[in-house]
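# Examining the three-dimensional arrangement
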Amino acid sequence: NFTNKETGKLVYPELSYAIVGALFDVWNTVGYGHKESFYQKATAKNLKDKSISFREQVGVKVKYKNEEIGIYFLDFLIENKIILEIKRREYFSKNDIDQLYAYLKATKMKLGIIAHFTKSGVKFKRILNIK
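Residues numbered from 1 in each chain as written. Predicted model: local features only at pLDDT ≥ 70, side-chain atom pairs only at ≥ 80, totals over all residues. Heavy atoms only, no water.

### Some points on the pairing of strand β5 (residues 121-128)
Here is the rule: Paired strands, as defined in this entry, are two strands with at least two bridges between them according to DSSP. The helix count covers DSSP runs of H or I at least four residues long, the strand count covers runs of E at least two residues long, and both are numbered beginning at the N terminus.
Note: strand β4 (residues 111-118) against β5, eight bridges, orientation antiparallel. Pairing of Leu111 across the sheet is with Leu128, part of β5. In this structure, the hairpin formed by β4 and β5 is closed by a connection of two residues.

Now the structure itself:
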């Protein structure tokens, strides 16, 4: 769900819908059965065509007591508001969702979208960071 429970309002609704629309455009054009990296490249082109600003493979440092303990790499950081992770599989695993939560916590961002390119289309979940 991508509703802020405190306010009852959607978090970045227009941008979320534009991102999801771009994902469906990619699936409708490219279809099923390709490498995850191909879907990422097609998504990047589609976001660019839609004039949605983004960065790819953004490194996010995780620190403990001011010491770096690791780096996460986000598939997409869109308009410095939404993290988009792309997978090529039929199901959402707990690990996929936990990974996106970890990214949201590390960046202190509010919303992430995890998208799976499946045989039957794009499946997605919106993950809200409730601090």
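### Observations regarding the packing of aromatic side chains
As a reminder, the rule being used: Paired rings are identified among Phe, Tyr and Trp, the last through its six-membered ring, by centres lying within 6.5 Å, and are further divided according to the angle between planes into stacked (under 30 degrees), edge-to-face (over 60) and tilted (the rest). Remark: a charge is flagged as sitting over a ring if the NZ atom of Lys or the CZ atom of Arg is within 6 Å of the ring centre and within 35 degrees of the ring normal.
Here the structure, examined in full by the defined rule, presents four aromatic pairs. Measuring from ring centre to ring centre gives 6.3 Å for Phe24 and Phe124, while their planes differ by 90°; the resulting arrangement is edge-to-face. Of the two residues, Phe24 is situated in helix α1 (residues 13-30) and Phe124 in strand β5; the sequence distance between them amounts to 100 residues. Above the face of the Tyr91 ring, Arg89 is positioned so that its terminal group lies 5.9 Å from the ring centre. One cation-aromatic arrangement involves Lys125 over Phe92; the distance from NZ or CZ to the ring centre is 5.1 Å.

### A short note on unusual backbone geometry
Where the residue is not glycine, phi is negative for most of them; where a peptide bond is considered, it is trans in most cases. Rule in force here: Here the term buried applies to any residue with accessible area under 20% of the maximum for its type, exposed to any over 50%, and partly exposed to those in between, with areas from a 1.4 Å probe on protein chains only.
Positive phi, close to 60°, is recorded for Ser51, a residue that is not glycine. For Ser51, the location among the structural elements is in the loop between α2 (36-49) and β1 (54-64). Accessibility expressed as a relative area gives 66% for Ser51, which makes it exposed. Its identity as a non-glycine residue notwithstanding, Gln57 has a phi of 45°, on the positive side. Here Gln57 is to be found in strand β1.

### Concerning the sheet that holds β5
Threshold: Axis geometry follows a simple rule: fit a line to the C-alpha atoms, using only the stretch in contact for helices, then measure angles between N-to-C directions, giving values from 0 to 180 degrees. Here, residues are in contact when the closest pair of their heavy atoms is within 4.5 Å.
Read across the open sheet, the five strands follow the order β1-β2-β3-β4-β5; overall the sheet is mixed. In the strand order of this sheet, the two ends are held by β1 and β5, each with one partner. Strand-to-strand twist in this sheet, taken as the mean axis angle between neighbours without regard to direction, amounts to 35°. Looking at chain direction, strand β3 (residues 82-87) and β4 are connected through six bridges and run parallel. Each bridged residue has a counterpart across the sheet, and for Leu84 the counterpart in β4 is Ile113. Along the sheet, α1 makes contact with β2 (67-78), β3, β4 and β5, crossing β5 at roughly 155°.

### Details of the nonpolar core
One recurring pattern in soluble globular proteins is that nonpolar side chains are buried together. Our working definition: Remark: nonpolar core denotes a set of buried residues (Ala, Val, Leu, Ile, Met, Phe, Trp, Tyr, Cys) joined through side-chain atoms within 4.5 Å.
Within the largest apolar cluster, 22 residues are counted, with the highest numbers of intra-cluster contacts made by Ile19, Leu23, Phe76, Ile78, Leu84, Ile86 and Phe117. When contributions to this core are tallied by element, the ones reaching two or more residues are α1, α2, β2, β3, β4 and β5. The dominant element in this core, judged by the number of residues it contributes, is α1, at six residues. By size, the runner-up hydrophobic cluster in this structure holds 11 residues, among which are Val58, Leu77, Leu100 and Met109.

### As for α1
Rule in force here: The span expected for a helix works out to 1.5 Å for each residue beyond the first.
Between its first and last C-alpha atoms α1 spans 26 Å; for 18 residues at 1.5 Å apiece the expected length is 26 Å, and the two agree. All of the buried residues in α1 are Pro13, Leu15, Ser16, Ile19, Val20, Ala22, Leu23, Val26 and Trp27. At its buried positions, α1 is contacted by α2, β2, β3, β4 and β5. Downstream of α1 by one or two residues, Gly31 has phi in the positive range, about 80°.

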